[in-house]
Amino acid sequence: MDLLRATLTEIKAQSSRSNFDVHYAMKANVSPSVLKCIMEAGLGADCVSGGEVQAALDAGIPSSKVVFAGVGKADWEINLGLENDIFCFNVESIPELEVINELAIAKGKTAQVALRINPNVSAHTHHYITTGLNENKFGINMSELEKVTDLVLTLSNIKLIGIHFHIGSQITDMSSFQALSVRINELQELFENRNINLSVINVGGGLGINYEHPNHFPIPDFEAYFKVFREHLELRPGQTLHFELGRAVVAQCGSLISRVLYVKEGTSKKFAILDAGFTELIRPALYQAYHRIENLSSNLPDEVYDVVGPICESSDSFAKDYSMNATKRGDIIALRSAGAYGEIMASQYNLRKLPKAYTSDELK
Ligand SMILES: *Cc1c(COP(=O)(O)O)cnc(C)c1O
């Protein structure tokens, strides 16, 4: 929690220099104490489901700071947003626009929307977590943009307030954000030529963290991140730049704590078999993600292990040929940088119990 507070302080310090508006991408972690801390820091919420919209409101985040994205919003989710007068729906297709308009008419409301545009900018990250290319399911392609804009202007209960982008996740190469900024500058002309005033430019999230060295880089380089946009994105008068950061806010603040059940000698390798598996942390199995692993119980010289879980799937492996302090049954293992996309992606596969989360504040 201390690291989370320090991270939030740094985000506020760096973003307020340019009056940037930062929202927290709820899907990274919705632990109540984490949300409370983020709400108190004054961040808005970026939601991708009705459940997240409700969780944001329940955490005390004002509806005027709630935005709602996602390619497949169900009617009840849209209605929830309308009833609570959320700030903005980030809309990803023509049929979605039409449904939001119909539902808004039925409620006598006007929905503020931003068009999520697919800028065809590569995020230079794992292909499972890149979202801004034409072949991705997300967003409206640039070739369709004029058609969509024409349509929006005919919809009675829709108010177009901005444009939205999100090119991917775990992005550490700042040139991707520079490319995004340049693309946005080009797109702004399209709207200007049609005399459409946009008040919100939303560049999404995606800032990466250092999974290799969580102890040396506990807080991402927000200064460099915001600077790219400050230097390359040309805001028009009256426009606010919105960000939706998830991983960069919470990832370094959490570890998955597990116990070694067995050390098993294979023919050519040793396996450290943990009592946690992809049911508690799915990122390695899902995206071949790396998490630093530390044996908190051992100071012995390093040995090499495949660190695996107990689930009946070969993909239930955290790391292959991994060097860590010599390990025995009962040792406590930390999988670091698990604060984002960890607990929230847990499942009960194999009828396992969902893991419990504890905060450092509770232990004080
Ligand atoms: C997932 C997501 C984010 C946050 O991504 P991070 O990589 O965690 O910063 C932001 N915006 C949208 C629309 C998302 O889907």
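Nothing here was measured: the structure is a model prediction, and the numbers come from that model.

### Looking at the overall build of the chain
- Within the chain one finds 11 helices and 15 strands.
- What you see for the chain is a C-alpha radius of gyration of 22 Å, in line with the 21 Å of a compact globule of 364 residues.
- Taken over the C-alpha atoms alone, the chain extends approximately 70 × 40 × 40 Å along its principal axes.
- Sequence-distant contacts in the chain: of pairs separated by 6 or more residues, those separated by 24 or more amount to 71%.
- Within the structure as shown, the chain displays about 16400 Å² of accessible surface, and the carbon and sulfur contribution to it stands at 51%.

### Side note on the nonpolar core
- Counting 80 residues, the largest nonpolar core has Phe89 and Leu97 as its most contacted members.
- Residue contributions to this core peak at 6 residues, all from helix H7 (residues 174-193).
- Not counting residues within four places of it along the chain, the set of residues in contact with Leu97 comprises Val91, Val113, Leu115, Val148, Leu151, Val152, Leu155 and Ile158.
- Leu256, Ala272, Tyr322 and Ile333 belong to the second-largest nonpolar core, a separate cluster that totals 17 residues.

### Some points on the domain arrangement of the chain
- Per the domain assignment, the segments of the chain are domain 1 (2-251) and domain 2 (254-363).
- The C-alpha centroid of domain 2 is placed 32 Å from the C-alpha centroid of domain 1.
- At the junction of the two partners, domain 1 supplies 20 residues and domain 2 supplies 21 residues.
- On the domain 1 side of the contact with domain 2, Tyr211, Pro214 and Ala251 bury the most area, a combined 27% of that side's loss.
- Applying the counting rule to domain 1 against domain 2 returns 1 salt bridge.
- Ionic pairing is found between Arg5 and Asp361, a salt bridge with its closest N-O pair at 2.9 Å.
- Listing elements by their share of the side of domain 1 that touches domain 2, those giving two or more residues are helix H1 (2-16) and helix H9 (247-250).

### Some words on the packing of aromatic side chains
- For the coordinates displayed, the defined rule picks out 13 aromatic pairs.
- An angle of 80° between the planes, with centres 5.3 Å apart, marks the rings of Tyr225 and Phe229 as edge-to-face. Of this pair, Tyr225 and Phe229 both sit in helix H8 (residues 222-232), 4 residues apart, roughly one helical turn.
- The class for Phe229 is buried, based on a relative accessible area of 1%.
- Among the aromatic residues, those joined into a cluster by ring pairs are Phe20, Phe177, Phe222, Tyr225, Phe226, Phe229 and Phe243.
- Sitting over the face of the ring of Phe68, Lys73 holds its NZ or CZ atom 5.4 Å from the ring centroid.
- Over the aromatic face of Tyr305 sits the side chain of Lys270, whose NZ or CZ is 5.6 Å from the ring centroid.

### What about H1?
- Taking 1.5 Å of rise per residue, 15 residues should cover 21 Å, and H1 covers 21 Å from first to last C-alpha, within 8% of that figure.
- When H1 is considered as a whole, its buried residues turn out to be Leu4, Thr7, Leu8, Ile11, Gln14 and Ser15. An end-on view of H1 places all buried positions within 135° of arc, on one side of the element. Facing away from the buried side of H1, by more than 90 degrees, are the exposed residues Thr9 and Ser16.
- Looking at the buried side of H1, the elements it contacts are strand S1 (21-25), helix H2 (32-40), H8 and H9.

### Points about the site of the ligand
- Around the ligand, the structure places 14 residues, and the nearest of them are Lys27, Ser169, Glu244, Arg247 and Tyr341.
- Between an oxygen atom of the ligand and a main-chain N or O atom of Gly206, the distance comes to 2.9 Å.
- Here an oxygen atom of the ligand and a backbone polar atom of Gly246 are 3.0 Å apart.

### Some remarks on the side chain of Ser181
- Within the secondary structure, Ser181 sits in helix H7.
- Those residues in contact with Ser181, other than ones at most four positions away along the chain, are Val228, Phe229, His232 and Leu233.

### A word on the packing of H1 against H8
- Close contact between H1 and H8 brings their axes to 9 Å; oriented N to C, the two are set at 25°. Of the possible angle classes, the one that applies to H1 and H8 is roughly parallel. The hand of the H1/H8 crossing is right-handed. Residues Thr7, Glu10, Ile11, Gln14 and Ser15 of H1 pack against Phe222, Glu223, Phe226 and Arg230 of H8.
- Broken down by class, the residue content of the contact of H1 with H8 amounts to 3 nonpolar, 3 polar and 3 charged.

Here is what the cut-offs are and how they apply
- Residues numbered from 1 in each chain as written.
- Predicted model: local features only at pLDDT ≥ 70, side-chain atom pairs only at ≥ 80, totals over all residues.
- Heavy atoms only, no water.
- Helix = DSSP H or I, 4+ residues; strand = E, 2+ residues; numbered from the N terminus.
- Rg over C-alpha atoms; globule rule 2.2 N^0.38 Å.
- Contact = heavy atoms within 4.5 Å.
- Areas by Shrake-Rupley, 256 points an atom, 1.4 Å probe, with all protein chains shown as cover.
- Core = buried A, V, L, I, M, F, W, Y, C linked by side-chain atoms within 4.5 Å.
- Buried < 20%, exposed > 50% of the residue type's maximum accessible area, 1.4 Å probe, protein only.
- Domains from an automatic or database assignment.
- Buried area = accessible area lost by both parts, 1.4 Å probe.
- Salt bridge = Lys/Arg side-chain N within 4 Å of Asp/Glu carboxyl O.
- Phe/Tyr/Trp six-rings, centres within 6.5 Å; stacked < 30°, edge-to-face > 60°.
- Lys NZ or Arg CZ within 6 Å of the ring centre and 35° of its normal.
- Expected span 1.5 Å × (residues − 1).
- Arc of directions from axis to C-beta.
- Near = heavy atom within 4 Å.
- Polar contact = N/O pair within 3.5 Å; in protein donor to acceptor, adjacent residues only side chain to side chain.
- Axes fitted to C-alpha atoms, helices over the stretch in contact; angles between N-to-C directions.
- Parallel < 35°, antiparallel > 145°, perpendicular 65-115°, else oblique.
- Left-handed = near helix turned anticlockwise from the far one by under 90°.
- Nonpolar A, V, L, I, M, F, W, Y, C, P; charged D, E, K, R; others polar.

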